[in-house]
Amino acid sequence: MGQVIVITSGKGGVGKTTTTANIGTGLALLKHRKVVMIDADIGLRNLDVVMGLENRIVYDLVDVVQGVCRLKQALIRDKRFENLYLLPAAQTKDKTAVSPEQMKNLCDQLKEEFDYVLVDCPAGIEQGFKNAIAGAEKAIIVTTPEVSAVRDADRVIGLLEAAGFEEPQLIINRIRPDMVKRGDMMDIDDIIDILAIDLLGVIPEDERIVISTNRGEPAVADESSKAGQAYRNVTRRLEGENVPLMSLDVEPTLMERIKMLFGLRARK
Amino acid sequence: MSQKMVVIKGTRDGISIILRRRSDFETIRNTILEKLQKGGDFFKGGEARLLVKEGHISQEEMEQLETMLKEYGLNLKKDHPLYTIPFPTPPLPETLILKKTLRSGQRISYGGNVVVIGDVNPGSEVIAKGDILVFGALRGMAHAGAEGDANSIVAAYRLQPTQLRIAGVIARPPEGKSAVPQVPEVARLKDGVIVIEPYYLH
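As the structure is a prediction and not an experimental result, all values here were calculated from the model. Going along each chain's sequence as written, the residues are numbered from 1 onward. In the order they appear in the text, chains get letters beginning with A and ligands get numbers beginning with 1. Residues qualify for local features only when their pLDDT is at least 70, as the model is predicted, and side-chain atom pairs are given and counted only at 80 or more; totals for whole chains, interfaces and linings, by contrast, use all residues. The side-chain values count all of the structure's non-hydrogen atoms but skip hydrogen atoms and water molecules.

**Q** How would you sum up the overall build of chain A? Please name residues and give values.
**A** The helix and strand labels rest on DSSP assignments: H or I over at least four residues marks a helix, E over at least two residues marks a strand, and numbering proceeds from the N terminus. Looking only at helices and strands, one finds twelve helices and eight strands in chain A. Put simply, the radius of gyration uses C-alpha atoms, and a globule should come to 2.2 Å times the residue count raised to 0.38. On C-alpha atoms alone, chain A measures out to a radius of gyration of 19 Å, which is about the 18 Å that the 2.2 N^0.38 rule sets for 268 residues. Taking the principal axes of the C-alpha coordinates as reference, chain A spans close to 70 × 40 × 35 Å. Taking all 268 residues of chain A together, the buried fraction comes to 53%. The contact criterion used throughout is that any non-hydrogen atoms of two residues lie within 4.5 Å. For chain A, restricting intrachain contacts to residue pairs at least 6 apart in sequence, the fraction spanning at least 24 positions comes to 74%. Buried, partly exposed and exposed residues are distinguished by accessible area as a fraction of the type maximum, computed with a 1.4 Å probe on protein chains only: under 20%, between the cut-offs, and over 50%, respectively.

So this is what it looks like as structure tokens:
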């Protein structure tokens, strides 16, 4: 029996879909787990695009729920990893096409067969959110180091706790160590202070994410990507391994190095 | 529509009895009778016309009504029972012409041919019983011959679909970046496989 994990954030654009794609791919790639990712963002689907599987969609989640097709028919096998599957959302319907009970039913069926069922939650806290969390027993909260994103994450954690979720885990996405160092960005401790939940990982800002998203190839499989490395660490932690947070120190600039040379400014 | 079967209206020329015949004549007659009884002497000496909005009243039935109305002092001008002429419902045109760009999440499904004068963006769907012609870039999903017509085609000024379906056959473009077509192209079924060819006039 597998586990159902919902990836949620409240705020849009913080990286739920990217995180779902990378954790899903990571679990299949590094741990050879059987994984299915569900795109619960009906009407604004993206996970298929990020996975590069858009053109393979024939049936979708709504078709399964409405009995137009069998569950197996709607599952799309990933093009690189054969134990990784996607259940895409419908694009021409809306969130009301599915009820929380139906989602729970679907997740229950899927976890019989898969080690991990990852649900990519839509932004917001309305019907789509309620659908996405209905079948899940664990939650991963994604936030960015911005006050607004953290505020929304806090709200969502509250809702999850009210819905009976124990210990949601946190991923802080798009952190820029140089800005944190200058004091221009909330640092990890600030965020943990407010949210007070377990930290699952910190993902540095990385332009390779943009490239990999556009190409439909998750960065977790990219050895040279820093964000990919961070997602590989997240994957290992999910599997119970104890992996220290990766160092996010920035290379000192030339000026700083010269200053260091003259002892004008000690390296911290 | 829950319009009443019998409506009695006063007009400049007297009383109009508007009929929508949805049941037997007996019911209609009884309904009129009931209204006349309620009116008492009100109708006395008046003139009545009959306006038939639905169904048909025969000559014999007209006479029955005339007799009945006379009892209440109403004179039926039966020289012209008025029939309203229903608007002829035009048959659905075979081709739907859409002058707009279909955006993600929009879906057009039509029981004929579909012509899009605009683009069909990724994430949108065009489904037609017949052919699909796009005077623009087709980047979304197109399903021609959706009810099984294998002779249906999909043609586009720039054919770059996410996925193509003709009758029961599904095709998707090869992986990786494919070159943008420089000419209009047509997709059709050949031996159960979707093939794409440049569009030439033969």
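**Q** An account of the domain arrangement of chain B is needed here, citing residue identities and associated values.
**A** An automatic or database domain assignment provides the domain bounds reported here. When its domains are assigned, chain B resolves into domain 1 (6-77) and domain 2 (95-198). Here domain 1 of chain B and domain 2 of chain B have C-alpha centroids that lie 58 Å from each other.

**Q** Mind laying out the interface of chain B and chain A, listing which residues take part and the relevant values?
**A** Between chain B and chain A, the contact holds 14 residues from the first and eight residues from the second. Interface area lost by chain B to chain A is led by Thr162(B), Arg172(B) and Glu175(B), which between them contribute 38%. Each reported salt bridge corresponds to a side-chain nitrogen of Lys or Arg within 4 Å of a carboxyl oxygen of Asp or Glu. Glu175(B) is the partner of Lys79(A) in a salt bridge, and the nearest nitrogen-oxygen pair spans 3.0 Å. We call Asp, Glu, Lys and Arg charged. Ala, Val, Leu, Ile, Met, Phe, Trp, Tyr, Cys and Pro are nonpolar, and the rest, Gly among them, are polar. In the side of chain B that touches chain A, the residues fall into three nonpolar, six polar and five charged. Defined in terms of a 1.4 Å probe, buried area is the accessible area two parts forfeit on being brought together, summed over both.

**Q** How would you summarise the side chain of Thr235(A) if you had to cite specific residues and measurements?
**A** Residue and element names in this part refer to chain A. Relative to the helices and strands, threonine 235 is located in helix H11 (residues 226-238). Here threonine 235 falls in the buried class, since its relative accessible area comes to 0%. With residues near it in sequence (within four places) discarded, threonine 235 still touches Asn22, Ile23, Gly26, Leu27, Leu30 and Lys31.

**Q** Help me get a handle on the nonpolar core, residues and values and all.
**A** Residues belong to a common nonpolar core when they are buried Ala, Val, Leu, Ile, Met, Phe, Trp, Tyr or Cys residues joined through side-chain atoms within 4.5 Å. Among the nonpolar cores identified, the biggest contains 85 residues, and Val6(A), Ile23(A), Ile38(A), Leu87(A), Leu110(A) and Val119(A) are the most heavily contacted of them. Ranked by the residues each element gives to this core, the list is headed by helix H7 (residues 147-162) of chain A, at six residues. Among residues more than four places away in sequence, those in contact with Ile38(A) are Leu47(A), Leu61(A), Leu87(A), Met103(A), Cys107(A), Leu110(A), Val117(A), Leu118(A), Val119(A) and Asp120(A). Grouped together as the second largest cluster of nonpolar side chains are 23 residues, Tyr110(B), Val116(B), Ala128(B) and Ala156(B) included.

**Q** Please set out the UniProt feature "domain: Septum formation inhibitor MinC N-terminal" (unreviewed entry) in chain B residue by residue, giving values where relevant.
**A** Those residues carrying the UniProt feature "domain: Septum formation inhibitor MinC N-terminal" (unreviewed entry) are residues 6-76 of chain B in this numbering. Taken end to end, residues 6-76 of chain B comprises 39% helix and 32% strand; its first and last C-alpha atoms sit 16 Å apart. UniProt positions are given in the numbering used here, feature names are shortened, and annotations may be inferred rather than shown by experiment.

**Q** I'd like to hear about the UniProt feature "domain: CobQ/CobB/MinD/ParA nucleotide binding" (unreviewed entry) in chain A, residue by residue, with values.
**A** Taken from the UniProt record, the annotation "domain: CobQ/CobB/MinD/ParA nucleotide binding" (unreviewed entry) applies to residues 5-218 of chain A. Helix and strand shares over residues 5-218 of chain A are 42% and 19% respectively, and the end C-alpha atoms of the span are 19 Å apart.

**Q** Outline the packing of helix H1 (residues 16-30) of chain A against H11(A), supporting the account with residue identities and numerical values.
**A** Residue and element names in this part refer to chain A. Angles run from 0 to 180 degrees between N-to-C directions of axes, and those axes are lines fitted to C-alpha atoms, restricted for helices to the stretch in contact. Across the interface, H1 lies against H11 with an axial gap of 9 Å and an inter-helix angle of 65°. By the angle between their axes, H1 is roughly perpendicular relative to H11. Classified by chirality, the crossing of H11 by H1 is right-handed. Contact residues: H1 offers Thr18, Thr19, Asn22, Ile23, Gly26, Leu27 and Leu30, while H11 offers Tyr231, Arg232, Val234, Thr235 and Leu238. When grouped by side-chain class, the residues that make up the contact of H1 with H11 number six nonpolar, five polar and one charged. Angles below 35 degrees are treated as roughly parallel, those above 145 as roughly antiparallel, those between 65 and 115 as roughly perpendicular, and all remaining angles as oblique. A clockwise turn of the near helix away from the far one marks a right-handed crossing, whereas an anticlockwise turn of less than a right angle marks a left-handed crossing.

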